[in-house]
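For reference, the chains in residue letters:
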Amino acid sequence: MDSTTPTLSGLAPLISIEELSEYLNVPTRTLQDWRLAGRGPRAVHVGRHLRYFVADIQEWLQSQREDVTGRAPEGR
């Protein structure tokens, strides 16, 4: 099953901030800072917890890709 395939319940997969931190190899604090500054992937509030749709992470990562090697994407 790829990361965009709905789970058995038919819902899109979500991951925790800790899982995203591990995947990106950045501290959870950095993810929190990026989110508050509007620079990170969009989060979903589930009670007091933050979760991330895998599809939103993939979209955000795509937007972080260099337009030209060695040059950050426009608008950053």
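Structure: see above.
Rules behind the numbers
Residues numbered from 1 in each chain as written. Predicted model: local features only at pLDDT ≥ 70, side-chain atom pairs only at ≥ 80, totals over all residues. Heavy atoms only, no water. Salt bridge = Lys/Arg side-chain N within 4 Å of Asp/Glu carboxyl O. Helix = DSSP H or I, 4+ residues; strand = E, 2+ residues; numbered from the N terminus. Buried < 20%, exposed > 50% of the residue type's maximum accessible area, 1.4 Å probe, protein only.

Turning our eyes to something else, we now look at the pattern of salt bridges. For the coordinates displayed, the defined rule picks out two salt bridges. In this structure, Arg 29 engages Asp 33 in a salt bridge whose closest nitrogen and oxygen atoms are separated by 3.0 Å. Residue Arg 29 and its partner Asp 33 are located together in helix H2 (residues 28-36), separated by four residues, close to a single helical turn. Owing to a relative accessible area of 52%, Arg 29 belongs among the exposed residues under this scheme. Taking the shortest distance from any N to any O, the salt bridge between Asp 56 and Arg 42 comes out at 3.6 Å. Pair noted here: Asp 56 is in helix H3 (residues 54-63) and Arg 42 is in the loop between H2 and strand S2 (44-46), with a separation of 14 residues, a long-range link.

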